[in-house]
Amino acid sequence: MSGLPINVTPAGRAALVNAENTGTAPVRIAQIGVTSSAAGLVAGALAGELKRLVTFAGAVVAADTIHVTIRDDSADVYSMRGYALYLEDGTLFAWYAQPGVILEKSAQAMMLLSADVRFVEIDATSLTFGDTNWINPPATTTVQGVVELADNPESIAGTDGTRAMTPAGAKALLDDRLGAGAPSAFVKGLLAVATAAAMRIAIGLGNVATRNEGHNNGLDADLLDGQHGTHYLAWANLTGKPLTFPPSGHQHTWSEINDPPSTAIRWPAWGEVTGKPLTFPPGGHIHAAADIQSGVFDVERIPDLAIAKVTNLTTVLAGKAPLANPGFSGTATAPVFTANAGHMVAQALPTQNAHLWLRDETGVNQGLLIWDRGDGDVVRLARYNAAGTAIEGSLSIYATTVTFNGYGLWHAGNFDPGSKAAATHYHDERYTQLFPGYISDANGVNGFCSAPTSEPSTNTPNGSWNHLLNLGGGDYAAQIASPWFEDAWYTRSRRAGSWAPWYKLWSSYNFNPATKANLSGDTFTGNVTAPKFIRSSSLRYKRGIRSIKPSEALRLLASIRFVEYVMRADGSRSAGVIAEDLADGPLDFVVQRTASGAPEAVDYEPLFVIACSALQGLAEDVAELKARA
């Protein structure tokens with residue numbers, strides 16, 4: 001593979017920008033994720049990512065190219081169609097994917113893939129890799145690496161700057177340039193001659209060779225454009241000359257003529273103009289109608305014309321309404337319509353309705369009076385909204401009923417107030433109870449009731465002012481209270497005559513579940529404190545139990561890289577291990593992973609147990625050494 005055009009993510013570009021926003025900052029590639037999907041980046045993540053590898057090496061081999069060697073010696077089986085580069089903090093820096101399979105990984109085989117990756121928009125020299133030394137980069141003039149050997153045609157062409165020429169290729173080049181077996185022994189002798197005199201002797205000329213210089217001596221050294229000087233003295237050989245000499249009649253611009261007439265380069269004066277009127281402006285005179293091309297006649301000069309003589313006047317008048325009984329097909333507007341004999345009539349056409357619109361001076365609908373024969377033979381008065389686009393209230397008059405906005409109007413013909421209960425009345429206390437003042441004891445309320453409590457009050461959530469709602473009566477009831485000066489709700493119930501305690505109700509106002517951790521499976525981002533941490537350790541919860549040998553524990557402990565670091569989130573200093581260092585190794589079981597399989601956290605308790613076993617072994621060794629002493 002060579003020159004794969006990799007795609008840099010927006011997060012990767014942001015990571016390259018330095019803190020001053022004035023240039024780029026170096027970043028370190030820490031992981032490479034592989035996938036069998038050709039979809040590439042989906043929702044900000046590498047689609048179908050199978051695993052992440054830390055067994056890789058890389059180097060910058062050009063300003064826009066890096067050479068990467070990836071190794072996977074696991075027993076995993078997959079078809080690799082893409083991969084992604086991850087930074088130390090887990091940022092997805094760049095990715096590449098293609099429909100075709102890049103490499104097939106079998107259970108028995110170790111994957112070892114080398115690829116040149118080309119960045120078309122960023123400087124690849126901003127990238128660094130881990131401390132690895134088993135890469136095989138392509139060789140350049142500045143980077144040691146693998147180089148391909150040129151074949152004979154490529155050596156003869158001499159245009160390929162990436163392949164190395166072999167001795168056989170060098171011979172093919174010389175044979176092509178000088179002939180097979182060249183140069184001969186004779187030519188090699190000539191190449192060793194140091195002076196012109198020795199060269200004449202070597203080629204058998206002796207002293208007979210002399211110099212031959214000068215014009216028309218058959219030499220080319222004195223030629224001009226391939227011709228001797230006498231060539232340019234002949235008229236026939238000149239260019240840019242007149243067709244005849246002296247030249248025949250032709251034209252020149254005034255600028256090419258010396259001392260042209262003054263009227264040739266300026267407007268003539270009035271006295272120099274010929275064929276002009278006797279006076280200027282000219283006096284009254286007559287022109288034929290055909291001589292007049294533009295202008296407007298005075299009104300008194302226009303004769304009385306018949307309608308047919310005026311262009312398009314008949315057509316224009318045909319589109320006007322007559323003063324008597326006009327029949328308008330569109331909207332007619334006027335400041336005032338005067339009713340004929342006191343009547344204003346809106347007469348409907350057959351099968352249609354009669355409308356009378358009420359609009360303001362800007363034409364916005366304010367109201368409508370309509371007789372609608374299709375909606376129950378109703379006369380309706382409608383009021384429009386401020387924009388005049390929709391009805392916001394209407395009074396509809398039918399033959400026997402009247403409605404307002406669809407609701408029937410009550411009148412003496414369809415409503416008797418005497419048949420209804422009074423607005424103020426009472427029911428059995430089990431159902432309704434009204435309090436004219438404040439409730440001092442919440443236990444003394446019975447029936448449906450809503451009232452405030454007093455200050456002070458008893459059997460309330462706070463012993464003070466509340467909004468109290470009582471539901472039910474007798475031995476079974478429920479109460480809801482809301483303190484006046486607290487944004488909260490409380491509730492309690494009475495069962496078999498006994499009141500339960502008040503309980504505060506939780507809502508999205510005073511409780512956010514997102515700020516709380518689940519009892520199982522959550523990952524904390526800050527410090528977790530408790531008097532003690534207890535972990536289930538009973539035999540009934542475990543299987544496959546075996547003792548840890550102190551020597552094995554010491555070997556595992558010695559393989560761990562312990563580091564100190566600064567947390568990116570809050571800048572606090574700490575010490576521990578790196579999850580990626582332990583992943584895919586003998587201590588992989590202590591590594592907690594994300595949903596995509598990337599190392600995320602470490603369970604330190606097993607490491608503590610391993611350290612205790614190693615310490616136990618060291619204690620035994622110390623005791624043995626003391627016994628020997």
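Up top you'll find the structure we're talking about.
Remember, it's a predicted structure, so these values are computed and weren't measured experimentally. (Residues numbered from 1 in each chain as written. Predicted model: local features only at pLDDT ≥ 70, side-chain atom pairs only at ≥ 80, totals over all residues. Heavy atoms only, no water.)

### Things to note about the overall build of the protein chain
Along the backbone of the protein chain there are nine helices and 33 strands. When each of the 629 residues of the protein chain is scored for burial, the buried share is 21%. Put simply, of all contacts in the protein chain between residues at least 6 apart along the chain, 39% involve residues at least 24 apart. Of the roughly 45,400 Å² of accessible surface on the protein chain, 57% is carried by carbon and sulfur atoms. (Helix = DSSP H or I, 4+ residues; strand = E, 2+ residues; numbered from the N terminus. Buried < 20%, exposed > 50% of the residue type's maximum accessible area, 1.4 Å probe, protein only. Contact = heavy atoms within 4.5 Å. Areas by Shrake-Rupley, 256 points an atom, 1.4 Å probe, with all protein chains shown as cover.)

### Observations regarding unusual backbone geometry
In this structure, the amide linkage connecting Glu455 to the following residue, Pro456, adopts the cis form with an omega of 5 degrees. Positive phi, close to 55 degrees, is recorded for Ala43, a residue that is not glycine. Within the secondary structure, Ala43 sits in the loop between β4 (41-42) and β5 (45-46). For Ala43, a relative accessible area of 83% puts it in the exposed group. Located in the positive-phi region is Thr351, a residue other than glycine, with phi close to 70 degrees. Within the fold, Thr351 resides in the loop between α6 (313-318) and β17 (354-359).

### Looking at the packing of helix α7 (residues 550-558) against helix α9 (residues 604-628)
Following both chains from N to C, one finds α7 and α9 inclined at 120 degrees, their axes separated by 8 Å at the closest point. Considered as vectors, α7 and α9 are oriented oblique to each other. Considering how the two elements wind past one another, α7 and α9 form a crossing that is left-handed. Note on element contacts: α9 touches α7 through Ile610, Ala611, Ser613, Ala614, Gln616, Gly617 and Leu618, opposite Pro550, Ala553, Leu554, Leu556 and Leu557. Split by residue class, the contact of α7 with α9 holds nine nonpolar, three polar and no charged. (Axes fitted to C-alpha atoms, helices over the stretch in contact; angles between N-to-C directions. Parallel < 35°, antiparallel > 145°, perpendicular 65-115°, else oblique. Left-handed = near helix turned anticlockwise from the far one by under 90°. Nonpolar A, V, L, I, M, F, W, Y, C, P; charged D, E, K, R; others polar.)

### What to know about α9
In this model α9 runs 36 Å from its N-terminal to its C-terminal C-alpha over 25 residues, within 8% of the 36 Å that 1.5 Å per residue would give. For α9, the complete set of buried residues consists of Pro606, Leu607, Ile610, Ser613, Ala614 and Gly617. Here the buried face of α9 lies against α7, α8 (579-582) and β33 (599-602). The residue sitting at the N-terminus of α9 and contributing the capping side-chain oxygen is Asp603; that oxygen lies 3.3 Å from the backbone nitrogen of Glu605. (Expected span 1.5 Å × (residues − 1). Polar contact = N/O pair within 3.5 Å; in protein donor to acceptor, adjacent residues only side chain to side chain.)

### What to know about the sheet that holds strand β21 (residues 402-404)
Read across the open sheet, the six strands follow the order β17-β18-β19-β20-β21-β22; overall the sheet is antiparallel. On the outer flanks of this sheet lie β17 and β22 (407-408), each paired with one strand and no other. Sheet topology note: the β17/strand β18 (residues 365-372) ladder contains six bridges and is antiparallel. Across the sheet, Ala354 pairs through a bridge with Trp371, a residue of β18. (Pairing = 2+ DSSP bridges.)

### Section: the pattern of salt bridges
Two side chains of opposite charge can pair, provided their charged atoms sit close to one another. Enumeration according to the criterion identifies 15 salt bridges in this entry. The partner of Glu624 in a salt bridge is Arg628, and the shortest N-O contact between them spans 2.6 Å. Remark: Arg628 and Glu624 occur in helix α9; sequence separation between them is four residues, near one turn of the helix. One salt-bridge network, held together by shared partners, links Glu148, Glu154, Asp160 and Arg163. (Salt bridge = Lys/Arg side-chain N within 4 Å of Asp/Glu carboxyl O.)

### Considering the nonpolar core
Judged by nonpolar contacts, the single largest core of 25 residues is most densely connected at Ile70, Met80, Tyr83 and Phe93. Only β3 (27-35), β8 (65-72), β9 (78-80), β10 (82-87), β11 (92-97) and β13 (111-118) provide two or more residues apiece to this core. Considering every element that reaches this core, the biggest residue donor is β3, with four residues. Sequence-distant contacts of Ile70, defined by excluding residues within four places in its chain, comprise Ile32, Leu53, Thr55, Phe56, Met80, Met111, Leu112 and Leu113. (Core = buried A, V, L, I, M, F, W, Y, C linked by side-chain atoms within 4.5 Å.)

### Some remarks on the packing of aromatic side chains
All chains considered together, the criterion is met by six aromatic pairs. Each ring, one from Tyr438 and one from Trp484, has its centre 6.5 Å from the other, and the planes form 55 degrees; the classification is tilted. Of the two residues, Tyr438 is situated in the loop between β22 and β23 (439-441) and Trp484 in the loop between β26 (476-483) and β27 (489-495); the sequence distance between them amounts to 46 residues. Residue classification places Trp484 among the partly exposed residues on the basis of a relative accessible area of 34%. Ring centres 5.5 Å apart and planes at 15 degrees place the aromatic pair Trp465 and Trp484 in the stacked group. Residue Trp465 is found in the loop between β24 (449-458) and β25 (466-473), and its partner Trp484 is found in the loop between β26 and β27; the two are separated by 19 residues along the sequence. Of the aromatic side chains, those joined through ring pairs into one cluster are Tyr438, Trp465, Trp484 and Phe485. The ring of Tyr86 has Arg52 lying over it, and the distance from NZ or CZ to the ring centre is 3.5 Å. (Phe/Tyr/Trp six-rings, centres within 6.5 Å; stacked < 30°, edge-to-face > 60°. Lys NZ or Arg CZ within 6 Å of the ring centre and 35° of its normal.)

### Quick notes on the side chain of Asn466
Its place among the elements puts Asn466 in strand β25. Residue Asn466 is classed as buried on the basis of its relative accessible area, which comes to 0%. Looking at Asn466, its side chain comes within polar contact range of the side chain of Asn462, at 2.7 Å. In this view, Asn466 contacts Ala451, Pro452, Thr453, Thr460, Pro461, Ala481, Ser482, Pro483 and Trp484; residues no more than four positions away in its chain are not counted.

### Thoughts on helix α3 (residues 167-178)
A rise of 1.5 Å per residue sets the reference length of α3, with its twelve residues, at 16 Å; its end C-alpha atoms lie 16 Å apart and thus fit the reference within 8%. Turning to α3, its buried residues number three or more, namely Gly169, Ala172 and Leu173. Considered in projection along α3, the buried side chains sweep an arc of 100 degrees and stay on one side of the axis. Set apart from the buried face of α3 by more than 90 degrees, the exposed residues are Pro167, Lys171 and Leu178. Here the buried face of α3 lies against α2 (152-157). Once α3 finishes, Gly179 follows within two positions and takes phi at roughly 100 degrees, a positive value. (Arc of directions from axis to C-beta.)

In short, shape yes, function no, at least from these values alone.
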